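Take a look at the letters that make up each chain.
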Amino acid sequence: MRSCLWWGMGILLVGIGINVNHPFLAAPRGWLAPALVAAGLAGLGMVLLRGARRNRWHRRGLAAVWVAVPLSCLGSEGVFLLHKATVLSAPAPLATELGQHFMIGYTRSDEVETLAARGLIGGIFISRRNLAGRTAQDLRDEIRRLQESRRRAGLPPLRVATDQEGGIVSKLSPWLPWRPSPSTLADLPPAERRAAARRLGADHGRDLSSLGVTVNFAPVLDLRNDRPPDPLDINSQIARRAISDDPAVVWEVAAAYAGGLLEAGVRPTVKHFPGLGRADRDTHLFPAEIRASRETLEPTDWQPFRRVLSDNPRAMLMVGHAVLSAVDSTRPASLSRPVIDGLIRRDWGFDGLVVTDDLVMGPVYGRGLCGSVTDALNAGVDLLLIAYDGKQFYRAMACALDAGMRDGLDGTALAASRRRLEQVPADMEADTAATSPYGIARLARDRS
């Protein structure tokens, strides 16, 4: 029995070591790797000390398992360092061409300083982890330094994004004032709720712009559903965040709120297309599918998206990871060319910026980060969000670079996206950096 326990513990720790850089292990990562190495060496010592009475092959096999514990962890770290070296040594034209598509989260500024100064990223995502043990002024100064490094390098300003919806999703409170969600305004008389929503958006915008934030991932346009609460839904909580189950009310409140944000110089981002109110699972963790037909979705779930984007052409659109089976049953909407390039770009005529939900969420990360990055870029997505675990950027960017060098990226889609990224109004983000005239395949080959 004791022997089985040693085998089981060793194999379990090897599995953890192999996956030590998985985003689901991001929280304990700071101490997990050293702990695994120490545990592996301690376990090996115990096996050698207590194994004299055991069969020689049994003892060798068990010792090999425990030797594999630190080796698996060190191997994972080696792969990460290889990806990092690949990104940092990539040829500048290709690296900056692809880097502008990435928006990443971080904890310490030194994690992104080099990436920002060299144009290897196009934006950052901030949340309360950037403020832990610090003041709002500290973060304001940090963002200013990052933007100054961009200016000195002749690069466009970073897009600085956050989730400050109000209510339960207020990533920068209490450092910024806590404010209610737009959903609290739905039951007001029409004129009053429009005015209140615009004031709320303007208040959020002023709060955010005081830090240097230029993009807010709000408002939520998903319709509220009447399904029983899902006990496994610990992240999405759309029923609590949604403005209303009435598309007209959602449009009215969200359009006014978005207008208020813009008034304060902050870009709104409407989310989460194609409408997570109909998703059957929490897309942070599980694959989900929206099975309704286009005929059902157009006048209901999609009406607020189309109307708010029409009212606020400078707004961004965040696409979630649910599969929209009526359009593309093979991949999440965030990675789907029929959804992004077909439905959103061609059918709707939307030519603004499209951003993915966080690419380290289960439905996308689980299907393969490399393929997901390539699919998203080829689908016509403009910004790839890696918020929760910014360390995954190096792997994602290495995948994009490899695809570019192998002509695996659609040059037409990237050229269209580059045009959209550059056509940001000067009063919003002032993206003025010159861009390369090269196609993506030529960029990959031009190393001079």
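Residues numbered from 1 in each chain as written. Predicted model: local features only at pLDDT ≥ 70, side-chain atom pairs only at ≥ 80, totals over all residues. Heavy atoms only, no water.

Novice: So what's going on with the packing of helix 1 (residues 2–18) against helix 2 (residues 29–50)? Which residues, and what values?
Specialist: Between helix 1 and helix 2, whose axes approach to 11 Å, the crossing angle comes to 150 degrees. The angle between helix 1 and helix 2 falls in the class roughly antiparallel. Judged by the sense of rotation from one axis to the other, the crossing of helix 1 with helix 2 is left-handed. Along the contact surface, helix 1 presents Arg2, Trp6, Leu13, Ile16 and Gly17, while helix 2 presents Leu32, Leu36, Ala39, Gly43, Met46, Val47 and Arg50. Grouping the constituent residues of the contact of helix 1 with helix 2 by class yields 8 nonpolar, 2 polar and 2 charged. (Axes fitted to C-alpha atoms, helices over the stretch in contact; angles between N-to-C directions. Helix = DSSP H or I, 4+ residues; strand = E, 2+ residues; numbered from the N terminus. Parallel < 35°, antiparallel > 145°, perpendicular 65-115°, else oblique. Left-handed = near helix turned anticlockwise from the far one by under 90°. Contact = heavy atoms within 4.5 Å. Nonpolar A, V, L, I, M, F, W, Y, C, P; charged D, E, K, R; others polar.)

Novice: Kindly report on the pattern of salt bridges, identifying the contributing residues and their values.
Specialist: Tallied over the entire structure, the rule returns 34 salt bridges. Asp163 is the partner of Lys271 in a salt bridge, and the nearest nitrogen-oxygen pair spans 3.0 Å. Within this pair, whereas Lys271 is found in strand 7 (residues 267–273), its partner Asp163 is found in the loop between strand 3 (159–162) and strand 4 (164–166), the two being separated by 108 residues in sequence. Since its relative accessible area comes to 2%, Lys271 is described here as buried. Judged by relative accessible area, Asp163 falls into the buried class, the value being 13%. A salt bridge links Asp207 to Arg179, with the shortest nitrogen-to-oxygen separation between them at 2.7 Å. Of the two residues, Asp207 is situated in helix 7 (residues 190–209) and Arg179 in the loop between strand 5 (169–170) and helix 7; the sequence distance between them amounts to 28 residues. By relative accessible area, Asp207 is classed as buried at 10%. Through salt bridges with shared partners, one network takes in Asp163, Glu165, Lys171, Arg241 and Lys271. (Salt bridge = Lys/Arg side-chain N within 4 Å of Asp/Glu carboxyl O. Buried < 20%, exposed > 50% of the residue type's maximum accessible area, 1.4 Å probe, protein only.)

Novice: Outline the sheet that holds strand 9 (residues 316–319), supporting the account with residue identities and numerical values.
Specialist: Hydrogen bonds between backbone groups are what pair the strands of a sheet, and the pairing can be parallel or antiparallel. The strand order 11-9-7-6-3-2-1-12 describes an open sheet built from 8 strands, whose pairing is parallel. Only two strands of the sheet have a single neighbouring strand rather than two, namely strand 11 (354–356) and strand 12 (384–386). (Pairing = 2+ DSSP bridges.)

Novice: So what's going on with helix 15 (residues 392–405)? Which residues, and what values?
Specialist: Between its first and last C-alpha, helix 15 extends 20 Å over 14 residues, near the 20 Å set by a 1.5 Å rise per residue. Burial runs high along helix 15: 11 of the 14 residues are buried. Listed as buried for helix 15 are Gln392, Phe393, Tyr394, Ala396, Met397, Ala398, Cys399, Ala400, Leu401, Ala403 and Gly404. One or two residues past the end of helix 15 sits Asp407, with phi positive at roughly 60 degrees. (Expected span 1.5 Å × (residues − 1).)

Novice: Summarise empty space enclosed by the protein; cite the residues concerned and give the values.
Specialist: Gaps left between atoms are located by rolling a probe of water-molecule size over the structure's atoms. Under the counting rule described, the total for this entry stands at 1 cavity of 30 Å³ or more. In this structure, the largest cavity occupies an estimated 50 Å³ of space. Taken together, Glu165, Ser181, Pro182, Ala218, Pro219, Val220, Arg241 and Ile243 make up the lining of the largest cavity. Tallied by class, residues from the lining of the largest cavity come to 5 nonpolar, 1 polar and 2 charged. (1 Å grid on protein atoms, 1.4 Å probe; cavity = no way out; pocket = protein on both sides within 12 Å on 5 of 7 lines; lining within 4 Å. Points joined across faces, edges and corners; volume = space filled by probe spheres on them.)

Novice: Residues and numbers for the nonpolar core, please.
Specialist: Ranked by size, the top nonpolar core spans 96 residues in total, and within it Phe102, Phe273, Leu317 and Phe393 carry the most contacts. Contact partners of Phe102, with chain neighbours within four places excluded, come to Ile121, Gly122, Gly123, Val373, Leu384, Ile386, Phe393, Ala396, Met397 and Ala400. (Core = buried A, V, L, I, M, F, W, Y, C linked by side-chain atoms within 4.5 Å.)

Novice: Any chance you could break down the layout of surface pockets for me, citing the residues and the numbers?
Specialist: In this structure, the second largest pocket occupies an estimated 570 Å³ of space. Put simply, the parts of the chain that give the lining of the second largest pocket at least two residues each are helix 3 (56–88), strand 1 (102–105) and helix 5 (113–117). Per-element accounting of the lining of the second largest pocket gives the leading share, 3 residues, to helix 3.

Novice: Tell me about the packing of helix 9 (residues 247–263) against helix 11 (residues 303–311), and please be specific about residues and values.
Specialist: Interaxial distance between helix 9 and helix 11 falls to 9 Å at its minimum, and their mutual angle equals 30 degrees. Compared by their axis directions, helix 9 and helix 11 come out roughly parallel. Crossing of helix 9 against helix 11: the hand is right-handed. Of the residues in helix 11, those in contact with Pro247, Ala248, Val250, Trp251, Ala254 and Ala255 of helix 9 are Gln303, Pro304, Arg307, Val308 and Asp311. Taken together, the residues of the contact of helix 9 with helix 11 break down into 8 nonpolar, 1 polar and 2 charged.

Novice: Tell me about the pairing of strand 9, and please be specific about residues and values.
Specialist: Here strand 9 shows two buried faces, one formed by Met316 and Met318 and the other by Leu317 and Val319. Bridge count between strand 7 and strand 9: 3 bridges; the pairing is parallel. Across the sheet, residue Phe273 finds its bridge partner in strand 9, namely Val319. In this sheet, strand 11 lies alongside strand 9 in parallel orientation, the contact comprising 3 bridges. Residue Leu317 lies in a different strand from strand 11, and its bridge partner there is Val354.

Novice: How would you summarise the packing of aromatic side chains if you had to cite specific residues and measurements?
Specialist: Applying the stated criterion to the full structure yields 9 aromatic pairs. Relative to Trp66, the ring of Trp6 lies with its centre 5.3 Å away and its plane at 65 degrees, an arrangement referred to as edge-to-face. Taken together, the residues Trp6 in helix 1 and Trp66 in helix 3 connect sequence positions 60 residues apart. Comparing Trp6 with Trp66, the two get one shared label, buried. A network of ring pairs unites the aromatic residues Phe80, Phe102, Phe393 and Tyr394 as a single cluster. Of note, Arg307 hangs over the ring of Trp251, and the distance from its end group to the ring centre comes to 3.5 Å. Over the aromatic face of Phe80 sits the side chain of Lys391, whose NZ or CZ is 4.2 Å from the ring centroid. (Phe/Tyr/Trp six-rings, centres within 6.5 Å; stacked < 30°, edge-to-face > 60°. Lys NZ or Arg CZ within 6 Å of the ring centre and 35° of its normal.)

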